[in-house]
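Topology and contacts: notes
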Amino acid sequence: MNQDESNSKQRLRLWLSLLRTTRSTEAELREFLRVEHDTTLPRFDVMAALYRVPQGLTMTELSRYLLVSNGNVTTVVDRLVLDGIAKREQQANDRRSLRVSLTEQGYAQFTQIASAHEAKVNQLFADFSSEDIEELLQLLKVHAHKETPHEKHGHA
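Treat the numbers as computed from the prediction; the structure is a model and nothing was measured.

Calculation rules
- Residues numbered from 1 in each chain as written.
- Predicted model: local features only at pLDDT ≥ 70, side-chain atom pairs only at ≥ 80, totals over all residues.
- Heavy atoms only, no water.
- Helix = DSSP H or I, 4+ residues; strand = E, 2+ residues; numbered from the N terminus.
- Buried < 20%, exposed > 50% of the residue type's maximum accessible area, 1.4 Å probe, protein only.
- Contact = heavy atoms within 4.5 Å.
- Areas by Shrake-Rupley, 256 points an atom, 1.4 Å probe, with all protein chains shown as cover.
- Lys, Arg positive; Asp, Glu negative; His and termini not counted.
- Charge placed at Lys NZ, Arg CZ, Asp CG, Glu CD.
- Axes fitted to C-alpha atoms, helices over the stretch in contact; angles between N-to-C directions.
- Parallel < 35°, antiparallel > 145°, perpendicular 65-115°, else oblique.
- Nonpolar A, V, L, I, M, F, W, Y, C, P; charged D, E, K, R; others polar.
- Patch = residues over 30% accessible without salt bridge, like charges linked within 9 Å, V, L, I, M, F, W, Y side chains within 5 Å.
- Salt bridge = Lys/Arg side-chain N within 4 Å of Asp/Glu carboxyl O.
- pLDDT = per-residue confidence, 0-100.
- Phe/Tyr/Trp six-rings, centres within 6.5 Å; stacked < 30°, edge-to-face > 60°.

1. Considerations on the overall build of the protein
In terms of helices and strands, the protein carries 6 helices and 3 strands. If you list the helices and strands of the protein from N to C, you get α-α-β-α-α-β-β-α-α. Seen through its principal axes, the protein has C-alpha atoms that stretch 65 × 35 × 25 Å. Within the span of the protein, comprising 156 residues, buried residues form 24% of the whole. If you take every contact in the protein between residues at least 6 apart in sequence, the share linking residues at least 24 apart comes to 50%. By element, 52% of the accessible surface of the protein is carried by carbon and sulfur atoms, the whole surface being about 11300 Å². Across the protein, the 20 positively charged side chains and the 22 negatively charged ones have centroids separated by 7 Å.

In structure tokens, the structure reads:
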């Protein structure tokens, strides 16, 4: 096996390891949110996006921010509105477009869940030292700066 083939195999192993880690961590967090907070990861993600932008987001902005379809976001937002966690308001400058934001109850609930979520992530990665984490972040930063098609349009 030549060096290029060896590097290719190593990269494939790296990809599989990152994928396995991501999937197992996500599964743990999904179960944690479901059991401990009676919520879902998509619901948590929508609340997190709205928490970060207090003035709210249009449905299109929200779907682009989360990299999911408008239909997926609409289903989650409908439920958040029904539960009093989020509200929809017409924009003064565009009556066809609605802006979604968290209610006071939504902010309070998200703050509580986010704190528990952070503690769970901290527990899941407790085996990593500060130095390990910094090294991994630096190594992954090189790859993370390559733009995806969504990022080219200004969406994370």
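Having seen the model, we can carry on.
2. Regarding the packing of helix 3 (residues 59–66) against helix 4 (residues 70–82)
Contact geometry of helix 3 with helix 4 gives a least axis separation of 9 Å together with a crossing angle of 110°. By the angle class used here, helix 3 and helix 4 are roughly perpendicular. Listed contacts from helix 4 to Met-59, Thr-60, Leu-62, Ser-63 and Leu-66 of helix 3 are Asn-70, Val-73, Thr-74 and Val-77. Looking at side-chain class alone, the contact of helix 3 with helix 4 contains 5 nonpolar, 4 polar and no charged residues.

3. Considerations on a nonpolar patch on the surface
On the surface, Leu-12, Leu-14, Trp-15, Leu-16, Leu-18, Phe-128, Ile-133, Leu-136, Leu-137 and Leu-140 cluster together into a nonpolar patch covering about 890 Å² of accessible area. Only helix 1 (3–37) and helix 6 (130–144) provide two or more residues apiece to the nonpolar patch. The leading source of residues in the nonpolar patch is helix 1, at 5 residues. Of note, Leu-140 is situated in helix 6. In this structure Leu-140 comes out as partly exposed when scored by relative accessible area, which is 42%.

4. Here we look at the confidence of the model for the protein
The share of residues in the protein with pLDDT of 70 or more is 91%, and the mean pLDDT across the chain is 89. Helix 5 (residues 104–124) holds the highest mean pLDDT among the elements of the protein, 97, whereas strand 3 (residues 94–102) holds the lowest, 85. Per-residue pLDDT stays below 50 along residues 148–156; that stretch engages in 8 contacts with residues further than four places along the chain or on separate chains.

5. Focus on the pattern of salt bridges
Inspection of the entire model under this criterion finds 7 salt bridges. In this structure, Arg-34 engages Glu-31 in a salt bridge whose closest nitrogen and oxygen atoms are separated by 2.7 Å. Of this pair, Arg-34 and Glu-31 both sit in helix 1, 3 residues apart, roughly one helical turn. On the basis of relative accessible area, Arg-34 is assigned to the partly exposed category, the value being 48%. Each of the salt bridges in this network shares a partner with another, and the network as a whole consists of Arg-43, Arg-79 and Asp-83.

6. Points about the packing of aromatic side chains
Counted under the stated rule, the structure contains 4 aromatic pairs. Where Phe-125 meets Phe-128, the ring centres are 5.8 Å apart and the plane angle is 45°; that geometry is what we call tilted. Here Phe-125 falls in the partly exposed class, since its relative accessible area comes to 29%. Chaining the aromatic ring pairs together yields one cluster made of Phe-44, Tyr-51, Tyr-107 and Phe-110.

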